[in-house]
Amino acid sequence: MPTPSRIPAELGDAFSVPEALRAGVSRKRLRARDLQSPFRGGRSIPVPISTADPFARQHHDLVQRCRAFAAIAPAKFCFSNVTAAALYGIPLPHRVRADLRLDVGVPAGRQPPRRRGVRGHRMDDWVMRTVLGMPVVDPAVAWAQVASLLTLNELIVAGDFMVRRKLPFSTLDAMIEAAHAARRGGPLARSALLEVRPGTDSPPETETRLVLVRGGLPEPVVGYTVYHEGYFVGTPDLAYVAEKIAIEYQGSGHWLDPAVFEDDIGRRELFERAGWKVILVTAPRLRHPTLLVTLVRDALRERAVA
């Protein structure tokens, strides 16, 4: 079988049929099997990914579909709702991520796109960012747009991610504004904001905090820095300061990476020398919230300040 002719590099890995024809690509070449046609009037070149990580592969596939649509999109559009949230990496439950349709927003007064594999939306709030070269609605707006699809706890987890300690996507003020402007899910988004806490490091950390609070325990402090005799000890994920209890979430990387494992041992020893009790939380413990709540409640009672 003859090798298909090369696609001009200036077309990139996603392009419209008219663009390709203007670049000198024949219609026969555009029908070749090495090209995909995710959307009518467009073509894309499959881009392989080497990682086996399912989340990375899912995000890669999403980006490829978005680029394929962008090649044939209307003059003024942006990715919104679930698609925007997923592009930013905002944590979403599987039932939401499993819907592979693209959410595409257009300004109010314009006709939303109607295509297979696309959900069109008219948008009054037209604040965009450029992500991977594509127009995407502002992160705070994307968070508010998905509010109607999430539970309260899921929305809080996503909200904490937005104002996380490292490289936050937004601010509480921007999220409050977006929640008040949201047509659907606005009341739930505003309720979630009452429990969103800036400065977190991971979604499981937020899940741990919610398990404890929903279990009737006092809310632990996020981002409290511990010093002992004038020296820095560490900043636990969550802390009960008066009782000197540090709660740390330990993902699989803490055991699989020898350097991280050793660092964790030293970190725990420093806390204990400073008089702090360290409680480790793992994914299995999160799946048994009653046991976790009992464990922390007992520790609080043991170390209660008179």
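Criteria and cut-off values
- Along each chain, residues carry numbers from 1 onward, in the same order as the chain's sequence is written.
- With the structure being a predicted model, the display of local features is reserved for residues of pLDDT at least 70 and the display and counting of side-chain atom pairs for 80 or more, all residues being used for whole-chain, interface and lining totals.
- Side-chain numbers come from the whole structure's heavy atoms, not from hydrogens or water.
- Numbering of helices and strands runs from the N terminus; a helix is a DSSP stretch of H or I covering at least four residues, while a strand is a stretch of E covering at least two.
- Relative accessibility decides the category of a residue: with a 1.4 Å probe and only protein chains considered, values under 20% of the type maximum give buried, values over 50% give exposed, and everything between is partly exposed.
- Residue contacts follow a heavy-atom distance rule, with two residues in contact if any of their heavy atoms lie within 4.5 Å.
- Here the accessible surface of atoms and residues is derived via Shrake-Rupley with a 1.4 Å probe, and residues count as covered only by protein chains that are part of the display.
- For this count, His and the chain ends are skipped, Lys and Arg are scored as positive, and Asp and Glu as negative.
- All charge positions are set by atom: Lys at NZ, Arg at CZ, Asp at CG, Glu at CD.
- By definition here, a salt bridge exists when the distance from a side-chain nitrogen of Lys or Arg to a carboxyl oxygen of Asp or Glu is within 4 Å.
- Where helices are involved, their axes are fitted lines through C-alpha atoms of the stretch in contact, as for all axes, and angles between N-to-C directions lie from 0 to 180°.
- Working definition: roughly parallel below 35 degrees, roughly antiparallel above 145 degrees, roughly perpendicular at 65 to 115 degrees, and oblique for all remaining angles.
- If you view the pair so one helix is near and one far, a crossing is left-handed when the near helix is turned anticlockwise from the far one by less than a right angle, and right-handed when it is turned clockwise.
- We define a nonpolar core as any set of buried Ala, Val, Leu, Ile, Met, Phe, Trp, Tyr and Cys residues linked to one another through side-chain atoms lying within 4.5 Å.
- pLDDT gives the predictor's per-residue confidence on a scale running from 0 to 100.

1. Regarding the overall build of the protein
Per the secondary structure count, the protein includes 14 helices and 13 strands. Over its C-alpha atoms, taken along the principal directions, the protein stretches across nearly 80 × 45 × 35 Å. When the 306 residues of the protein are sorted by exposure, 41% land in the buried category. By sequence separation, contacts in the protein at least 24 residues apart represent 59% of the contacts at least 6 residues apart. For the protein, the exposed area adds up to about 16,800 Å²; of that, 55% sits on carbon and sulfur atoms. Between the mean site of the 42 positive side-chain charges and the mean site of the 32 negative ones, the protein shows a separation of 12 Å.

2. Focus: the pattern of salt bridges
Following the criterion strictly, the structure yields 14 salt bridges and no others. Arg119 is the partner of Asp99 in a salt bridge, and the nearest nitrogen-oxygen pair spans 2.7 Å. With Asp99 in the loop between helix H5 (94-97) and strand S4 (102-107) and Arg119 in strand S5 (residues 118-123), the pair connects residues that are 20 residues apart, well separated along the chain. Residue class for Asp99 comes out partly exposed when judged on its relative accessible area of 26%.

3. A short note on the environment of Phe39
In this fold, Phe39 is placed in the loop between helix H2 (27-30) and strand S2 (42-44). Spatially, the C-alpha atoms of Phe39 and Gly215 are 48 Å apart, while their sequence positions differ by 176 residues. What Phe39 contacts, discounting residues up to four positions off in sequence, is Arg65, Ala68, Phe69, Ile72, Leu102, Arg115, Arg116, Gly117 and Val118.

4. Examining the packing of helix H3 (residues 54-70) against helix H4 (residues 81-88)
Viewed as axis vectors pointing N to C, H3 and H4 meet at an angle of 125 degrees, and their least axial separation amounts to 10 Å. One way to sum up the angle between H3 and H4 is to call them oblique. Between H3 and H4 lies a crossing whose hand is left-handed. Contact residues: H3 offers His59, Leu62, Val63 and Cys66, while H4 offers Thr83, Ala86 and Leu87.

5. Thoughts on the side chain of Ser170
With respect to the element layout, Ser170 can be found in the loop between helix H7 (152-162) and helix H8 (172-181). Apart from the residues within four sequence positions on either side, Ser170 is in contact with Ala140, Met162, Val163 and Met175.

6. So, the nonpolar core
Most often, soluble globular proteins have nonpolar side chains that are buried together. Of all hydrophobic cores here, the largest spans 51 residues; its most connected members are Phe69, Phe79, Leu102 and Trp143. Excluding anything up to four places from it in sequence, Phe69 contacts Phe39, Pro74, Phe77, Phe79, Leu102, Val104, Pro113, Arg115 and Val118. Counting residues in hydrophobic clusters, the runner-up holds 16 residues, among them Val211, Leu238, Ile245 and Val281.

7. Side note on the side chain of His60
Mapped onto the elements, His60 comes out in helix H3. Not counting chain neighbours up to four residues away, the residues in contact with His60 comprise Val47, Pro48 and Ile49.

8. Focus: the confidence of the model for the protein
Residue-level pLDDT values for the protein average 91, and 95% of them are 70 or greater. Ranking the elements of the protein by mean pLDDT puts helix H11 (residues 253-256) last with 51 and H7 first with 98.

9. Some details on unusual backbone geometry
Keep in mind that most residues, glycine aside, have a negative phi and that most peptide bonds are trans. With a phi angle near 50 degrees, Leu167 is a residue other than glycine that sits in the positive phi range. Summarising the element assignment, Leu167 is placed in the loop between H7 and H8. Accessibility expressed as a relative area gives 70% for Leu167, which makes it exposed. The residue Glu229 is not glycine, and still its phi comes out positive at about 55 degrees. Looking at the secondary structure, you find Glu229 in the loop between strand S9 (226-228) and strand S10 (231-234).

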